[in-house]
Amino acid sequence: MAEAKLTRNAVAAAMAGDTNLKPVVQVVDLRSIAVTGGAPGSGPRFRAIISDGVATGHALFASQLCDLARSGVVRRGSVVQLLDYIVNDVRNRKAIVILNMEVLAAECEIIGNPALPPDSGDSNSMRADQFNGAPQNGSMAGSALNKVARPSDNAQVIQRSMAGNSLNMVPRPSDNAQVFQPTVQPSYRPAPKYRNHGTIMKNDAPARIIPISALNPYQGRWAIKGRVTAKGEIRRYHNAKGDGKVFSFDLLDSDGGEIRATCFNTLVDRFYEVVEVGKVYVVSRGNLKPAKKDYNHLNNEWEIFLEFQSTIELCLDENSSIPAQRFSFSSIDKIEDSENNAIVDVIGVVTSVNPSTTIQRKNGMEAQKRTITLKDMSGRSVELTMWGDFCNREGLQLQEMVECGALPVLAVKAGKVNDYSGKSVGTISSSQLLINPDLAEAHSLRQWFDCGGRDASTQSISRDFTPSASRNEIRKTIAQIKDDGLGMGDKPDWVTVKAAVTFIKTDPFCYTACPNVVGDRQCGKKVTKSDSGNWLCDKCNQEFPECDYRYLLQLNIQDHTGTTSATAFQEAGQELLGCSARELNMFKENEDPHYTAVLIHCLYQNYLLRLKVKEEQYGDERRVKNTVAKVERMDPSAESKFLLDSISRVIV
């Protein structure tokens, strides 16, 4: 816990009887106290002095919490959150009896300048024998440190009078049991309809529904009402504690507030079938923790971790004021400027759908993949990659629609930007795909497309762009790259050149790469041999018995205007040479003649090379670097159509 934040005025509020606060406090003193007449082997009890940074107060640990003090989990300086407690008068002194708490930081410097109570040094001023004869099993109904004592010999009976909302100690007439009066708690006044329902242990009235934006970790009882906008699949994991499972869902309320709720293990069994996308629920009780922004894209700094006491109730009278989804669309030309791994919403017309394919990842697992192309009014198109169930669910539906000539509008919620060799968008577990949604943006896009947008020229921002005959690409010669000063601006320039490869540097032509797959992508960082003989990846901090090989080709390319150098990485290198880097490296090590044949075969052949042109710093010198993002073998027929189209535009 880097910075503990204590609840202001927590001691005063708790001592005044506010048992719904769930304050965060610090233990500034902790001592064991003797128990006389307790159960054999029960061990000592513990008293503490707790602080809110300014004021302090006395506290007693219930028997079920004493192990935390005995084991050292709770000690002087610990920061804890009081989840359940009552306030009693013990020998004319108010003390908080802690029934349940969560340790937020086991050790921390004393926060603020708390003033200790004047009698805090008297170790006998508050003895545990105030609770003589109480069972020591820590049950809620069995200990006098808890809210209700069992009526037995030498024990007190605690009853709550709902009319006066107070705790009265009622001794048995025949016993000489000690009698003490717990503090009246004036801060809680239940609604009239709850007053005649019999004795209850604590406030069972429904929690007040608050906006999602008002949630914070220091509230007591709360409830939120929202529509489920996304629901993730059940994911299984393994860690030091063993195997587990988890799933999450996103909620949206009528004020536009969003938050993610997460369930683990038994709560997955309890809530997974209950939660359905599109329905409205009231969710109450849970632990709020900071959201991990690497995995949670919602506009909220908190995330709800549901607990055993949490409830999820379906709202049958669904509130139409809560929208079905909240979008913040980025036009495709804006995605071109987005950072890698950014989460975006995008909407466009589906112009092509590729068949679903099965790929095998480096870890041996198979995954379904399907790519489609989206086009919008910005004059750009982008490749959307679907993974997993999206391929055979929305992907199959889109394929059937496109094959029938109906090009639908697709809205993508929470797509992940990939910037490798251009920009593309991919689905993640929390993504949503809406086909022909009833949105103003969708209607506007459909009208534009049907009224001429279908034939409007489009440039792809992705590396898998459409065939040359149909794309409106920026075609340049090699001489124009220098003459036009390409790559000298803040952003890279993307151009296509028709050129031949005249030289390939073969030492080296590849590098040893990390085979580890993180999410949907291979790490691919350079690995080195360790002393153990395994391959070490500094980024993953892991060793692997085998490494992968990835292309890093240094080329010379030439057209009728000149020659320049270029670099080709994995995908482009494989497209150029027609085999993987591992295969080519094996040919070289085995002195196989195929090694030379593969290299010679690609020389002096005409290709359409998609280049990323950007000025980079090399020591004290700045040079323009050309990176091959895509290699396409030239199709004479398509190239002829492209040239004729270019001529016709010049004539007009």
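Residues numbered from 1 in each chain as written. Predicted model: local features only at pLDDT ≥ 70, side-chain atom pairs only at ≥ 80, totals over all residues. Heavy atoms only, no water.

(A) The overall build of the protein, seen in detail. Assigned secondary structure in the protein consists of 12 helices and 35 strands. By the burial criterion, 46% of the 652 residues in the protein qualify as buried. When contacts within the protein are restricted to residue pairs at least 6 apart in sequence, long-range pairs at least 24 apart make up 62% of them. (Helix = DSSP H or I, 4+ residues; strand = E, 2+ residues; numbered from the N terminus. Buried < 20%, exposed > 50% of the residue type's maximum accessible area, 1.4 Å probe, protein only. Contact = heavy atoms within 4.5 Å.)

(B) Looking closely at the packing of aromatic side chains. In total, this model carries 8 aromatic pairs according to the counting rule given. Aromatic rings pair up to connect Tyr 237, Phe 264 and Phe 305 into one cluster. Directly above the aromatic system of Phe 390 lies the positively charged group of Arg 393, at a separation of 5.2 Å from the ring centroid. The residue whose ring lies beneath Lys 413 is Phe 327, and the NZ or CZ to ring-centre distance is 6.0 Å. (Phe/Tyr/Trp six-rings, centres within 6.5 Å; stacked < 30°, edge-to-face > 60°. Lys NZ or Arg CZ within 6 Å of the ring centre and 35° of its normal.)

(C) Structural context of the nonpolar core. Counting residues in hydrophobic clusters, the biggest one holds 42 residues, and the most contacted among them are Leu 553, Ile 557, Leu 577, Leu 584, Leu 609, Leu 611 and Val 628. Top contributing element to this core by residue count: strand β24 (residues 493-505), with 5 residues. Apart from the residues lying within four places of it in its own chain, the contact partners of Leu 611 are Ile 481, Asp 493, Trp 494, Val 495, Val 497, Ile 557, Thr 627 and Val 628. Formed by 30 residues, the second largest nonpolar core is a distinct cluster that contains Val 344, Val 412, Val 417 and Ile 461. (Core = buried A, V, L, I, M, F, W, Y, C linked by side-chain atoms within 4.5 Å.)

(D) Representation of helix α10 (residues 581-589) in the model. Those residues of α10 lying buried are Ala 581, Leu 584, Asn 585 and Phe 587. Seen end-on, α10 carries its buried residues on one side only, within an arc spanning 155°. Contact partners of the buried residues in α10: β25 (510-513), β31 (548-551), α9 (570-577) and α11 (594-601). Immediately downstream of α10, the backbone of Glu 591 shows phi near 55°, a positive value. (Arc of directions from axis to C-beta.)

(E) Structural view of the pattern of salt bridges. Following the criterion strictly, the structure yields 18 salt bridges and no others. Put simply, Arg 393 and Glu 394 hold a salt bridge, and the shortest N to O gap is 3.1 Å. In this structure Arg 393 comes out as partly exposed when scored by relative accessible area, which is 43%. Judged by relative accessible area, Glu 394 falls into the buried class, the value being 12%. Residue Arg 446 pairs with Asp 450 through a salt bridge whose shortest N-O separation is 3.2 Å. (Salt bridge = Lys/Arg side-chain N within 4 Å of Asp/Glu carboxyl O.)

(F) View of the pairing of strand β1 (residues 24-33). With 7 of 10 residues buried, β1 lies mostly within the body of the structure. Judged from the 7 bridges that link them, β1 and strand β2 (residues 45-51) form a sheet pairing that is antiparallel. Its bridge partner being in β2, Arg 31 is matched across the sheet by Arg 47. (Pairing = 2+ DSSP bridges.)

(G) Seen up close, unusual backbone geometry. The step from Asp 507 to Pro 508 runs through a cis peptide bond, and the omega angle for that step is 0°. Phi is positive for Asn 9, close to 55°, though the residue is something other than glycine. When you line up the elements, Asn 9 lands in the segment before α1 (10-15). Of note in this structure, Arg 285 is not a glycine but carries a positive phi near 65°. You can see Arg 285 is positioned in the loop between β12 (280-284) and β13 (287-290).

(H) Up close: the sheet that holds strand β30 (residues 542-544). Reading across the sheet, the 3 strands line up as β28-β29-β30 and stay open at both edges, with antiparallel pairing between neighbours. At either end of the open sheet lies a strand with only one pairing partner, and these are β28 (528-529) and β30. Sheet topology places β28 next to strand β29 (residues 535-537); 2 bridges connect them, and they run antiparallel. Its bridge partner lying in β29, Thr 528 is registered against Leu 536.

(I) Spotlight on the sheet that holds strand β32 (residues 553-559). If you walk around this closed barrel you meet the 5 strands as β24-β32-β33-β35-β34, and the pairing is mixed. In this sheet, adjacent strand axes meet at a mean angle of 55° when their direction is disregarded. Pairing of strand β33 (residues 562-568) with strand β35 (residues 621-633), which is carried by 2 bridges, proceeds in the parallel orientation. Opposite Thr 567, over in β35, you have Thr 627 as the bridge partner. On top of the sheet, α9 reaches β24, β32, β33, β34 (606-618) and β35; it is set at about 50° to β35, its chief contact. (Axes fitted to C-alpha atoms, helices over the stretch in contact; angles between N-to-C directions.)

(J) Highlighting the packing of α10 against α11. Contact pair α10 / α11: the axes reach a minimum separation of 8 Å and the direction vectors enclose 130°. In terms of axis orientation, α10 runs oblique to α11. In this structure, α10 uses Leu 584, Phe 587 and Lys 588 to contact α11, whose residues at the interface are His 594, Tyr 595, Val 598 and Leu 599. When its residues are assigned to classes, the contact of α10 with α11 shows 5 nonpolar, 1 polar and 1 charged. (Parallel < 35°, antiparallel > 145°, perpendicular 65-115°, else oblique. Nonpolar A, V, L, I, M, F, W, Y, C, P; charged D, E, K, R; others polar.)

(K) Summary view of the pairing of β34. Judged from the 8 bridges that link them, β24 and β34 form a sheet pairing that is antiparallel. Pairing of Asp 493 across the sheet is with Val 613, part of β34. Count of turn residues in the β34/β35 antiparallel hairpin: 2 residues, of which Gly 619 carries a positive phi of about 65°.

(L) Structural context of helix α6 (residues 394-403). Among the residues of α6, those classed as buried are Glu 394, Gly 395, Leu 398, Gln 399 and Val 402. End-on, the buried residues of α6 take up no more than an arc of 135°, which puts them together on one face. Buried residues along α6 sit against β16 (343-353), β18 (366-375), β19 (380-387), α5 (389-392), β20 (409-418) and β22 (432-435). Among the residues trailing α6, Gly 405 stands out with phi positive, at a value near 90°.

(M) Spatial organisation of the confidence of the model for the protein. Across the protein, pLDDT averages 79, with 80% of residues at or above 70. Counted against residues more than four places away or in other chains, residues 37-41, with its pLDDT under 50, gives 3 contacts. Confidence drops under pLDDT 50 across residues 122-203; counting only partners more than four residues distant or on other chains, this segment forms 175 contacts. (pLDDT = per-residue confidence, 0-100.)

(N) The arrangement of the environment of Asp 269 in detail. Among the structural elements, Asp 269 can be located in helix α3 (residues 266-271). Looking at Asp 269, the relative accessible area reads 53%, which means it is exposed.

(O) Spotlight on the environment of Asp 317. Mapped onto the elements of the fold, Asp 317 is located in the loop between β15 (311-314) and α4 (332-335). Of the residues examined, Asp 317 reaches a relative accessible area of 60% and is grouped as exposed. Residues Asp 317 and Val 280 lie 37 residues apart in sequence; the distance between their C-alpha atoms is 8.8 Å.

(P) Seen up close, the environment of Arg 446. Inspection of the secondary structure puts Arg 446 in helix α7 (residues 440-450). Looking at Arg 446, the relative accessible area reads 23%, which means it is partly exposed. Between the C-alpha atom of Arg 446 and that of Pro 408, which follows or precedes it by 38 residues, the distance is 8.3 Å. Apart from the residues within four sequence positions on either side, Arg 446 is in contact with Leu 407, Pro 408, Val 409 and Asn 436.

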